[in-house]
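Notes for the structure review
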Amino acid sequence: MKFDTPATQNPIDQLKVVGHGVDRIDGPLKTTGTAPYAYERHDVAPQAAVGYVLGAAIGKGRIGSMDIEAARRAPGVLAVVTAQNAGKLGKGKMNTAKLLGGPDIEHYHQAIALVVAENLEQARAASRLIRVQYERAQGKFDLAAQKSATDKAGKNEPKEDRVGDFESAYAQAAIKIDHTYTTPDQSHAMMEPHASTAMWEGDALTVWTSNQMVAWGRGDVARTLGVPREKVRLISPYVGGGFGAKLFVRADAVLAALGARAAGRPVKVALQRPLIANNTTHRPATIQRVRIGTTQDGKITAIGHESWSGDLPGGQPEEAVQQTRLLYAGANRLTALNLMELNLPEGNAMRAPGEAPGLMALEIAVDEMAEAAGLDPVEFRVRNDTQVDPSKPDRPFSQRRLIECLRLGADHFGWADRSPRPGSRREGRWLVGLGVAAAFRNNLVTDSAARVRLDAAGQVIVETDMTDIGTGSYTIIAQTAAEMLGVPLAKVIVRLGDSTFPVSAGSGGQWGANSSTAGVYAACDKLRAAILQRLGFASDGAVFADGMVTDANGRQATLRDAAAGGDLVAEDKLEFGDLDKKFQQSTFGAHFVEVAVDAATGETRIRRMLAVCAAGRILNPKTARSQVIGAMTMGVGAALMEELAVDDRVGYFVNHDLASYEVPVHADIPSQEVIFLDETDPVSSPMKAKGVGELGLCGVGAAIANAIYNATGVRVRDYPVTLDKLLAGLPELA
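Keep in mind it's a predicted model, so treat the numbers as computed, not measured.

1. Topic: the overall build of the protein
Scanning the protein from N- to C-terminus turns up 17 helices and 32 strands. Its C-alpha atoms give the protein a radius of gyration of 27 Å, near enough to 27 Å, the size a compact globule of 734 residues would have. A principal-axis box enclosing the C-alpha atoms of the protein has dimensions of 80 × 75 × 50 Å. Counting only contacts in the protein whose residues sit at least 6 apart along the sequence, the fraction spanning at least 24 positions is 80%. Put simply, the protein shows about 27,300 Å² of open surface, and 49% of that area lies on carbon and sulfur atoms.

Written out as C-alpha cells, the structure reads:
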C-alpha cells in the first residue's frame, strides 16, 4: 500500500478499540516471569553452555601476545574464542568498531576473547587465566582537550547549515546572549543486559537476542560472520529495555554465534554490567555554544547553535542542533556540528538522540534570552513560534500546536503564581522554583510490513518483526487489527520479533508505533478485501464489527464463515511517499517542573512535573502515558545525576555499573502528570498518529535546570546540576 496523499476517513477512525487505554496484553507474562527473554531460552536450548567475555584492558593500542592455554585446560571449559582462531570476520554496517578485537584495540573493554564453559562460574574463572600482553598507544579521551587542540590548530571543519546572514544579524541585535553549555557522556542503563543465545543447525544459525531492530541485526550478523543472510534467523520477542543501546548488534550476539560454532552446542552470552558501559554504546558528551539575538520586543532575529561531540574514527557526531533548525522563528540562522575523534567507546543513539542533549542547552538559552528581554519564559516562546519551516517558508508544519501546549500547561500547572525574581520563594529551608521548556522531536516514518491470518476459529494472527522493548507494541498492534477487522482484542494473537516475519520499522527513533501499526493497517486492509471476495460481498460500504461482516445490501456473515474454506492470509507493506518533503512533520510539547533546593546543602528535590504533548492520534493513552512518564524520569536523571566519569589517562568509564552510575528511583519522582492534546495528523500515516516515547524526554533536563535557577538564582550550564555546582551561589543562611 502506498501512502502518498493525506489519510481520509478509514476504519481506524471508528475508535472502538484504538484510542482506548487498554492494559498491555503482554503484562501477565512480564509480571509472572514467563516472558521468554534471550538469555533464558531453556525451552529451545536446554543444554546451552555459557560464554564469558574478556574485555581489553587498554583504550588504544595492540595485543602483543595472548596465552589462552591455561584457560583452555581449566575445568569445564569447552572453547576459547579469539580473533586469532575465529576465522575471517567482517564488520556490520551499524558498528563503528569491530565486535571482536585483536590484535588492534579500538576502545577500552573491546571484546578480545570468549571463554565457553559448562557454567558461568567456570567460564569466568577460566577467563582470569588468560594472559595478555598489551602494547599501549597514545589515545584521545578528553572532548574539551581535543576541541581546544583542534581550535588552536585551526582544523575545525564543521558541518554547517546557514540561512540568511547570522553574523550580521547577531551583531546588530538589540538584545543578545552568548553562552556555552555542556552535557556529559551518559549510559542507557537498561535493566536487561545485552544477551544472546545462539545455536547452529548445520550451516544455519539461530540467535535469540535482545535487539530493537531485527532486520538490521540479521543483516549485520550475516556480514560479520560472512554467512548468507538467509542462513541467519534472529528472534527477539521480548526486550527488557533498550533506549537505543540495542538498535545494533553488539558483541554478545556475534560471540554467542562464534562460541556455539566452536563448542558444537548452543551457547548463551550476557555482557557483564561493566562491559555494557564500555563495550557497547553510550550517549556522547557535548559542548554546545548558543547565541541568540532579538529585537527590543523579544523577536528572534538571529539564532546560532554549534555543537562539539566525539566518537571513534568512522563514527558520527551527536546531532544536538537539529531541533534548533525548526523550533523557533528567526530569519538568520546558523547550526553547526563538529566531530572530534576520540578513542572512547562508541558514541551512538540514546533515547531522543540529538534533541535530548540539544534541548538541554537550547532551552536554558531560551530562558536566559527571555530574562534578558524582560519577558516571561512562556511568553517569549509563544512570541517566537513559527508555523512553517524557518529555512523553507513554503513548507508548512503538518501540525504544530506548541503554543497550545505551552498555554494549557501554564494554566494547569499554576504558572501565573511563579515569581519572576529568582530565589524569592522560600518554604522553611527549601528554596522553591518553577521551570519550563519546549519539547520537540521530529516525526520519522519508515516502511513497515505485516502478515495477517484469519483462521477457522475466527482468530486473527498478526506477524511482523516489530519488537516490544517495554513500550506496548503487542497491545497497539492488537488494537489496530481488532479495529480493522471488527473483532475483540481477545480474538487477536500478535507474534513479534522474528526475522522470518515481514520486516517492520523496529523500535527506535519514535517511529515504531506509528509505522508498525500502519503496516498492520495495510495488511488488514488487504485481508478485508480477501474476506469480502470469499464471501461474495461488494467492498463498497462493507462494515466489519462484532466478528461479523455486513455489506451495503444488509447481507451478513461471520468471520468464521469466511475462513470455513481454509485460512485467509494477507501480507502487505505500508510504503511512505514524499509527504515529508511537502510538510514538516514534528511532535511538540511543553514540560513544567517544580523543584525545591535545600538552602544549606544544595540538594535538589523534584516536587511535581507536567508534560503536555501534541503527537497525533494517541493509539493507547495508558501505554503512551507510561512512555512519557518514563521519559520524564529519564530527564530527571540527565538533569541531576547521570554522568559517565571518564578516566582520561586510559580511556574508560569509571562508574560502569548500577552501583556507581546513578539513575532516578521512585522516591525521586513524587508527582507526574501527562496531558495529550486531542489531535490527528492525516499527513503522518493512515493511523494519523505520531510518537511520544522520545518527545517525553526532550526538554525535561532544561525545565529542571530552569526551575533550579528560579529557585536559587544560580545558573548552571554544565550538566548534571549537582549540589557542588550550586553551593557557592546559594543565599546566605539567616
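The discussion continues.
2. Overview of the nonpolar core
Ranked by internal contacts, the top residues of the largest apolar core, which has 90 residues, are I292, L327, F592, V595, L640 and I704. The residues touching L327, leaving out its near neighbours within four places in the chain, are L359, L362, E363, T386, R400, L402, A438, F440 and F588. Counting 53 residues, the second-largest nonpolar core is a separate cluster that includes F3, A481, L527 and F576.

3. Description of the layout of surface pockets
Within this model, the second largest pocket holds a volume of roughly 420 Å³. Looking at the second largest pocket, it is lined by 26 residues, and the ones nearest its centre are L143, T183, P184, D185 and A285. Secondary-structure elements contributing two or more residues to the lining of the second largest pocket are α4 (143-153), β9 (175-183), β14 (286-294) and β15 (300-311). When grouped by side-chain class, the residues that make up the lining of the second largest pocket number 15 nonpolar, 5 polar and 6 charged.

4. Let's talk about the UniProt feature "domain: Aldehyde oxidase/xanthine dehydrogenase a/b hammerhead" (unreviewed entry) in the protein
Per the UniProt entry, the sites bearing "domain: Aldehyde oxidase/xanthine dehydrogenase a/b hammerhead" (unreviewed entry) are residues 32-138 in this numbering. Within the segment residues 32-138, helix and strand shares are 12% and 33% respectively, and the terminal C-alpha atoms sit 50 Å apart.

5. Notes on the packing of helix α16 (residues 621-640) against helix α17 (residues 700-712)
Viewed as axis vectors pointing N to C, α16 and α17 meet at an angle of 55°, and their least axial separation amounts to 8 Å. Taken together, α16 and α17 sit at an angle that is classed as oblique. At the point where α16 passes α17, the crossing takes the right-handed sense. Of α17, the residues touching α16 (which contributes M632, G635, V636, A639 and L640) are V700, G701, I704 and I708. A class-by-class count of the residues in the contact of α16 with α17 yields 7 nonpolar, 2 polar and no charged.

6. Concerning unusual backbone geometry
With an omega of -5°, the peptide bond running from G102 to P103 counts as cis. Its place among the elements puts P103 in the loop between β4 (77-82) and β5 (104-105). Cis rather than trans, the peptide bond between Y719 and P720 has omega equal to -5°. Here P720 is to be found in the segment after α17. Even without glycine at this site, D546 takes up a positive phi of about 55°. Take D546: it is sitting in the loop between β24 (543-545) and β25 (548-550).

7. Overview of helix α13 (residues 512-535)
Over its 24 residues, α13 runs 34 Å from end to end, which matches the ideal 34 Å to within 8%, given 1.5 Å per residue. Taking burial as the measure, the 24 residues of α13 include 17 buried ones, the bulk of the element. Following α13 by one or two positions, G536 has its phi on the positive side, about 75°.

8. Overview of the sheet that holds strand β26 (residues 556-558)
Strand order across the open sheet formed by 3 strands is β24-β25-β26, with antiparallel pairing between neighbours. A strand with exactly one partner marks an edge of an open sheet, and here the two such strands are β24 and β26. If you compare each strand with its neighbour and ignore which way they point, the axes differ by 20° on average.

9. Describing empty space enclosed by the protein
Under the counting rule described, the total for this entry stands at 7 cavities of 30 Å³ or more. Lining the largest cavity we find 14 residues, and of these R283, A356, M360, A638 and L697 sit closest to its centre. Contributions of two or more residues to the lining of the largest cavity are made by α9 (355-372), α16 and α17. A breakdown of the residues in the lining of the largest cavity according to their chemical character gives 8 nonpolar, 4 polar and 2 charged.

10. Some words on the state of the cysteines
Applying the stated criterion across every chain yields a total of 0 disulfides. Here C698 stays free of any disulfide, with the sulfur of C613 as its closest cysteine sulfur at 10.0 Å. Using a relative accessible area of 0% as the deciding quantity, one classes C698 as buried.

11. Here we look at the pairing of strand β6 (residues 111-117)
Of all 7 residues in β6, 7 are buried; the element is thus mostly enclosed. Here 6 bridges tie strand β2 (residues 49-55) to β6, and the two strands are oriented antiparallel to one another. Counted as the bridge partner of L54 is A113 from β6. Here β4 pairs with β6 via 5 bridges, running antiparallel. The partner of A79 across the bridge, within β6, is V116.

12. Remarks on the pattern of salt bridges
As enumerated under the stated definition, the model contains 47 salt bridges in all. R24 is the partner of D26 in a salt bridge, and the nearest nitrogen-oxygen pair spans 3.1 Å. For E368, the salt bridge identified is with R717, shortest N-O distance 2.7 Å. Of the two residues, E368 sits in helix α9 while R717 sits in the segment after α17, which places them 349 residues apart along the sequence. Since its relative accessible area comes to 24%, R717 is described here as partly exposed.

Cut-offs used in this document
Residues numbered from 1 in each chain as written. Predicted model: local features only at pLDDT ≥ 70, side-chain atom pairs only at ≥ 80, totals over all residues. Heavy atoms only, no water. Helix = DSSP H or I, 4+ residues; strand = E, 2+ residues; numbered from the N terminus. Rg over C-alpha atoms; globule rule 2.2 N^0.38 Å. Contact = heavy atoms within 4.5 Å. Areas by Shrake-Rupley, 256 points an atom, 1.4 Å probe, with all protein chains shown as cover. Core = buried A, V, L, I, M, F, W, Y, C linked by side-chain atoms within 4.5 Å. Buried < 20%, exposed > 50% of the residue type's maximum accessible area, 1.4 Å probe, protein only. 1 Å grid on protein atoms, 1.4 Å probe; cavity = no way out; pocket = protein on both sides within 12 Å on 5 of 7 lines; lining within 4 Å. Points joined across faces, edges and corners; volume = space filled by probe spheres on them. Nonpolar A, V, L, I, M, F, W, Y, C, P; charged D, E, K, R; others polar. UniProt positions renumbered as here; feature names shortened; annotations may be inferred. Axes fitted to C-alpha atoms, helices over the stretch in contact; angles between N-to-C directions. Parallel < 35°, antiparallel > 145°, perpendicular 65-115°, else oblique. Left-handed = near helix turned anticlockwise from the far one by under 90°. Expected span 1.5 Å × (residues − 1). Pairing = 2+ DSSP bridges. Disulfide = S-S within 2.5 Å. Salt bridge = Lys/Arg side-chain N within 4 Å of Asp/Glu carboxyl O.

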